[in-house]
Amino acid sequence: MVLASAKVPTLSLESFLALPETKPAQEYCRGVVTQKPMPKGKHSRLQSRLARAIDQVTEEKKIALALTELRCTFGGRSIVPDIAVIRWQSLPLDSDGEIADRFDRAPDWIIEILSPDQSVTLVIEKIIFSLNAGTELAWLVDPMAKSVTVFTAGLPWVYLAETDIQESLTVFAGLENWSITAAEVFDWLKI
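The text that follows walks through the structure, step by step, so that each part is easy to find. (Residues numbered from 1 in each chain as written. Predicted model: local features only at pLDDT ≥ 70, side-chain atom pairs only at ≥ 80, totals over all residues. Heavy atoms only, no water.)

1. Some words on the packing of aromatic side chains
Here is step 1: Under the defined criterion, the tally for this structure stands at four aromatic pairs.
Here is step 2: Taking the centre distance of 5.0 Å and the plane angle of 70 degrees together, the rings of Trp 109 and Trp 139 count as edge-to-face. Highlighted residues: Trp 109 in strand S7 (residues 109–113) and Trp 139 in strand S8 (residues 137–142), separated in sequence by 30 residues. Per residue, the accessibility class of Trp 109 equals that of Trp 139, and both read buried.
Here is step 3: Three or more aromatic residues joined by ring pairs form one cluster here, namely Trp 109, Trp 139 and Phe 172. (Phe/Tyr/Trp six-rings, centres within 6.5 Å; stacked < 30°, edge-to-face > 60°. Helix = DSSP H or I, 4+ residues; strand = E, 2+ residues; numbered from the N terminus. Buried < 20%, exposed > 50% of the residue type's maximum accessible area, 1.4 Å probe, protein only.)

This is the structure in structure tokens:
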């Protein structure tokens, strides 16, 4: 018996990038387009507070810039991390010296905030892909488990807000004087 498989229509990266942007954003991987889930309250709150906290310690000193929902195209893929942190010297500029619209490289640090209806496996695969393409650091923030999983070149490390209360999360080089714990991150959910 021969099983026939349905051929999934594929799209080139160039064709995908020519499509209009959607909300929520779509991502491209190996010819397949997937849509990110619509952010909900906890996701949105954590995303805005994390980006603001990072910018407070990096922007004035021109260390890095935290950008939310930034399309990054590299390695034959186009992803939209919840937060992409780009080192200052790596920020692309346009001819007017302003921040460019296209980012054709891996972010230096990505932060993904897990939504209830999102596949953790696919998010981890995106993180691993990014690390292999040059990303230095990645955080996977899970509001349900109140955990932050930190990915670097070595093995991932899980920080639990309820048990690792005083343990600082790993940040990237240049931010060693900044300290934040998983407990502090999830305290932002209390209004």
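2. Looking at the side chain of Lys 126
Here is step 1: Looking at the element boundaries, Lys 126 is found in helix H3 (residues 120–132).
Here is step 2: Separated by 2.9 Å, the side chains of Lys 126 and Glu 112 make a polar contact. (Polar contact = N/O pair within 3.5 Å; in protein donor to acceptor, adjacent residues only side chain to side chain.)

3. Quick notes on the sheet that holds S8
Paired through backbone hydrogen bonds, the strands of a sheet run either parallel or antiparallel to each other.
Here is step 1: Reading across the sheet, the six strands line up as S3-S6-S7-S8-S9-S10 and stay open at both edges, with mixed pairing between neighbours. Every other strand in the sheet has two partners, leaving strand S3 (64–68) and strand S10 (157–160) as the edge strands with one partner each. Adjacent strand axes in the sheet meet at a mean angle of 15 degrees when their direction is disregarded.
Here is step 2: Against the sheet, helix H2 (residues 41–58) engages S3, strand S6 (83–87), S7 and S8, with an angle of about 165 degrees to S3.
Here is step 3: The sheet strands contacting H3 are S7, S8 and strand S9 (147–151), and the helix crosses S8 at an angle near 165 degrees. (Pairing = 2+ DSSP bridges. Axes fitted to C-alpha atoms, helices over the stretch in contact; angles between N-to-C directions. Contact = heavy atoms within 4.5 Å.)

4. Comments concerning empty space enclosed by the protein
Here is step 1: As enumerated under the stated definition, the model contains one cavity of 30 Å³ or more in all.
Here is step 2: Lining the largest cavity we find Phe 16, Leu 17, Leu 19, Pro 20, Glu 21, Thr 22, Gln 26 and Arg 71.
Here is step 3: Residues belonging to the lining of the largest cavity are distributed by class as follows: four nonpolar, two polar and two charged. (1 Å grid on protein atoms, 1.4 Å probe; cavity = no way out; pocket = protein on both sides within 12 Å on 5 of 7 lines; lining within 4 Å. Points joined across faces, edges and corners; volume = space filled by probe spheres on them. Nonpolar A, V, L, I, M, F, W, Y, C, P; charged D, E, K, R; others polar.)

5. Overview of unusual backbone geometry
Trans is the prevailing form of peptide bonds, just as negative phi is the prevailing case for residues other than glycine.
Here is step 1: Of note, the amide linkage connecting Lys 23 to Pro 24 takes the cis form, showing an omega dihedral of -5 degrees.
Here is step 2: Following the sequence through the fold, Pro 24 ends up in the loop between helix H1 (13–18) and strand S1 (26–29).
Here is step 3: One non-glycine residue, Arg 30, lies in the positive phi region at around 50 degrees.
Here is step 4: Looking at where Arg 30 falls in the secondary structure, it is placed in the loop between S1 and strand S2 (32–35).

6. Examining the environment of Phe 16
Here is step 1: Here Phe 16 is to be found in helix H1.
Here is step 2: Residues Phe 16 and Arg 77, spaced 61 residues apart in sequence, show a C-alpha to C-alpha distance of 10.0 Å.
Here is step 3: Discounting residues that sit within four places of it in the chain, Phe 16 has contacts with Leu 11, Gln 26, Glu 27, Tyr 28, Val 33, Arg 71 and Ser 78.

7. Quick notes on the pairing of S7
Successive side chains on a regular strand alternate, one facing one side of the sheet and the next facing the other.
Here is step 1: With five of five residues buried, S7 lies mostly within the body of the structure.
Here is step 2: With burial as the criterion, each face of S7 is covered, one bearing Trp 109, Ile 111 and Ile 113 and the other bearing Ile 110 and Glu 112.
Here is step 3: Relative to S7, S6 is paired through three bridges, and the arrangement is antiparallel. Residue Val 85 lies in a different strand from S7, and its bridge partner there is Trp 109.
Here is step 4: Inspection of the sheet shows S7 paired to S8 by five bridges, in the parallel sense. The partner of Glu 112 across the bridge, within S8, is Leu 140.
Here is step 5: The parallel pair S7 and S8 is bridged by H3, and the resulting crossover is right-handed. (Right-handed = clockwise from strand over helix to strand, strands pointing away.)

8. Remarks on the nonpolar core
Here is step 1: Ranked by size, the top nonpolar core spans 30 residues in total, and within it Trp 109, Ile 111, Trp 139 and Val 141 carry the most contacts.
Here is step 2: Looking at this core, the elements that each hand over two or more residues are H2, S3, S6, S7, S8, S9 and helix H4 (182–187).
Here is step 3: In terms of residue count, the dominant contributor to this core is H2 (five residues). (Core = buried A, V, L, I, M, F, W, Y, C linked by side-chain atoms within 4.5 Å.)

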